[in-house]
Amino acid sequence: MNAYPELSPSPRTIMTPGPVEVDPRVLRAMSYPILGQFDPEFTTLMNNTMAMLRELFQTGNQWAYPVDGTSRSGIEAVLTGLIEPGDRVLVPIYGRFGHLLVEIAERCGAEVSIIERPWGEVFDPQEVIDAIHREKPKLVAMVHGETSTGRLQPLADIGRACREADVLLAVDAVATIGGVPVESDAWFLDAVIGGTQKCLSVPSGMSPITYNERAERKILARKRVERGLRSGDADEIGTTGFRIQSNYLDLSQLQDYWSPARLNHHTEMTSMLYGLHEGLRILLAEGLAARFARHRLHEEALVVGLKAMELVLYGDPSCKLPVVTCVAIPDGIDGESVRSMLLHRFGIEIASSFGPLKGRIWRIGTMGYSCSRKNVLHTLGAFEAVLARHGLKLPAGEAVQAALDVYDRHGVPV
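Residues numbered from 1 in each chain as written. Predicted model: local features only at pLDDT ≥ 70, side-chain atom pairs only at ≥ 80, totals over all residues. Heavy atoms only, no water.

If you look the protein up in an unreviewed UniProt entry, it shows as Pyridoxal-phosphate-dependent aminotransferase family protein from Paenibacillus aurantiacus. Its UniProt record, at the heading Cofactor (unreviewed entry), says of the protein: "pyridoxal 5'-phosphate". Entered under Sequence similarities (unreviewed entry) in the UniProt record, the comment concerning the protein runs "Belongs to the class-V pyridoxal-phosphate-dependent aminotransferase family." (UniProt positions renumbered as here; feature names shortened; annotations may be inferred.)

In structure tokens, the structure reads:
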């Protein structure tokens, strides 16, 4: 019989755009005893989680709940629920995850139109608005924070134009929720998808979503009650819309599960919900404004430190995503060797990128629990040492000193 070693993951400083370090209070919450999914204590927990998600998404929507699965499950659930075969869908692409929206929409049978900006830029909202008027889609699907390029797309004007044209707008806010303002109602967003493993500092495994009455009407027009739950012929077919192709990701059934009806759909991920509940409690105790300011502060310290090393940041600075900083890999430097040395010598993980940016940039995340003074200073000091070991000539010691100046200027104790 094989004797397998005891599980003992190495401690890491995770400075990627996700996953990030998990708050110890979240890990503790995930160790609590299991409750049955219809235990009144557990359903109260479900209701409280929904209430906290409404605050996070800054919405008055009735529906705000997590989809069980990684962030992609939330994206698939929303698009699968809102797209019927033959629907025209517009996807503005400015990085990897816009292409993901196209792929999912095509799998739903949509007629997809795309517009693109070079990676490292975002759209002037008027470009998207013009495409809406030209293409006349039923749905626009867009990324808010593109982690592949470290850019942030303004949405308010696009949302207003979609509402005026009676077009649904679904937004991937996986990278921004909890770290950057996401104003679902004020920006006229019909459906918003978040993730747990980034700025919420909860393990990957749930995707919080919210959607309004406009989106719900489309979803309910396609509703079918699961065969084994039907109480009569009236439940067999909800309306005349195309049936949602996924059972597991069927929002019409999931909202029944999260409603007072508690119509059984699946067995809820109990421990993950404990973790999400605690992560949301911690976030709201800190306060949204304070949390956004904290992310901006540590971004500033990191950026100033990188520039003090005379490194070049990638992308248009006017649309930089505050929680991801992209750094051009200097000529003659092996980017993967640098990442490996950071990980194995210092226990720090940063990320590379995808597609046309593979091997061209590093991506450093400052998200959630990982977004701290200790982590920023540790990363800058280690990064400088590793680059020097790789033969890069740079101003020794300047990076950490520049970051310390930022913290001093903001009155952060050192």
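### A few points about the sheet that holds strand S5 (residues 139–143)
A sheet is described by the order of its strands in space; here 7 strands give the open sequence S2-S10-S9-S8-S5-S3-S4, paired in mixed fashion. Since the sheet does not close on itself, it has two edges, and those belong to strand S2 (63–68) and strand S4 (111–116), each with one partner. Neighbour to neighbour, the strand axes of the sheet diverge by 20° on average, direction disregarded. Pairing between strand S3 (residues 88–93) and S5: 2 bridges, direction parallel. Each residue of the ladder has a partner; that of Leu90, found in S5, is Val140. Lying over the sheet, helix H4 (residues 96–107) contacts S3, S4, S5 and strand S8 (168–172), oriented at roughly 165° with respect to S3. This element, helix H8 (residues 251–258), spans S2 and strand S10 (206–211) of the sheet and lies at about 110° to S2. (Pairing = 2+ DSSP bridges. Helix = DSSP H or I, 4+ residues; strand = E, 2+ residues; numbered from the N terminus. Axes fitted to C-alpha atoms, helices over the stretch in contact; angles between N-to-C directions. Contact = heavy atoms within 4.5 Å.)

### Some thoughts on the domain arrangement of the protein
Taken domain by domain, the protein consists of domain 1 (23–283) and domain 2 (288–409). The straight-line distance from the C-alpha centre of domain 1 to that of domain 2 is 31 Å. Taken together, the contact between domain 1 and domain 2 spans 30 residues of the former and 25 residues of the latter. Across the domain 1/domain 2 interface, buried area totals approximately 2200 Å², and carbon plus sulfur atoms make up 65% of it. (Domains from an automatic or database assignment. Buried area = accessible area lost by both parts, 1.4 Å probe.)

### Details of empty space enclosed by the protein
Inspection of every chain in the model, using the stated rule, returns 1 cavity of 30 Å³ or more. Computed from the structure, the largest cavity encloses a volume of approximately 60 Å³. Forming the walls of the largest cavity are Lys223, Arg224, Val225, Glu226, Leu229, Gln253, Asp256, Leu263, Asn264 and His265. Among the residues forming the lining of the largest cavity, the class breakdown is 3 nonpolar, 3 polar and 4 charged. (1 Å grid on protein atoms, 1.4 Å probe; cavity = no way out; pocket = protein on both sides within 12 Å on 5 of 7 lines; lining within 4 Å. Points joined across faces, edges and corners; volume = space filled by probe spheres on them. Nonpolar A, V, L, I, M, F, W, Y, C, P; charged D, E, K, R; others polar.)

### Considering the layout of surface pockets
Any empty space left between the atoms is revealed when a probe the size of a water molecule rolls over them. Estimates place the volume of the largest pocket at around 370 Å³. What lines the largest pocket is a set of 22 residues, among which Phe97, Thr147, Val174, Gln197 and Lys198 lie closest to the centre. Looking at the lining of the largest pocket, the elements with two or more residues in it are helix H3 (71–82) and H4. For the lining of the largest pocket, the per-class residue count stands at 9 nonpolar, 8 polar and 5 charged. Split by domain, the residues of the lining of the largest pocket number at least three in each of domain 1 (23–283) and domain 2 (288–409).

### Re the packing of aromatic side chains
With the rule as written, the count across this model stands at 8 aromatic pairs. Taking 6.3 Å as the distance between ring centres and 85° as the angle between the ring planes, the aromatic pair formed by Trp63 and Tyr65 counts as edge-to-face. Note on Tyr65: relative accessible area 0%, which makes it buried. Both rings, one in Phe97 and one in Phe354, keep their centres 6.2 Å apart while their planes meet at 85°; by these two values the pair is edge-to-face. In this pair, Phe97 sits in helix H4 while Phe354 sits in the loop between strand S12 (348–349) and strand S13 (361–365), placing the two residues 257 residues apart along the sequence. Seen from the ring of Phe354, Arg96 lies directly overhead, with NZ or CZ sitting 4.4 Å from the centre. (Phe/Tyr/Trp six-rings, centres within 6.5 Å; stacked < 30°, edge-to-face > 60°. Buried < 20%, exposed > 50% of the residue type's maximum accessible area, 1.4 Å probe, protein only. Lys NZ or Arg CZ within 6 Å of the ring centre and 35° of its normal.)

### Looking at the pattern of salt bridges
Enumeration over the complete set of coordinates arrives at 22 salt bridges. Across the salt bridge formed by Glu300 and Arg409, the nearest N and O atoms sit 3.1 Å from each other. You can see Glu300 sitting in helix H10 (residues 288–308) and its partner Arg409 sitting in helix H13 (residues 398–409), a full 109 residues away along the chain. The class of Glu300 is partly exposed, set by a relative accessible area of 27%. A relative accessible area of 55% places Arg409 in the exposed class. Through salt bridges with shared partners, a single ionic network connects Glu84, Asp87, Lys138 and Lys218. (Salt bridge = Lys/Arg side-chain N within 4 Å of Asp/Glu carboxyl O.)

### Focus on the side chain of Arg214
Secondary-structure assignment places Arg214 in helix H7 (residues 213–220). Side-chain polar atoms of Arg214 contact the side chain of Asp166, separated by 3.0 Å. (Polar contact = N/O pair within 3.5 Å; in protein donor to acceptor, adjacent residues only side chain to side chain.)

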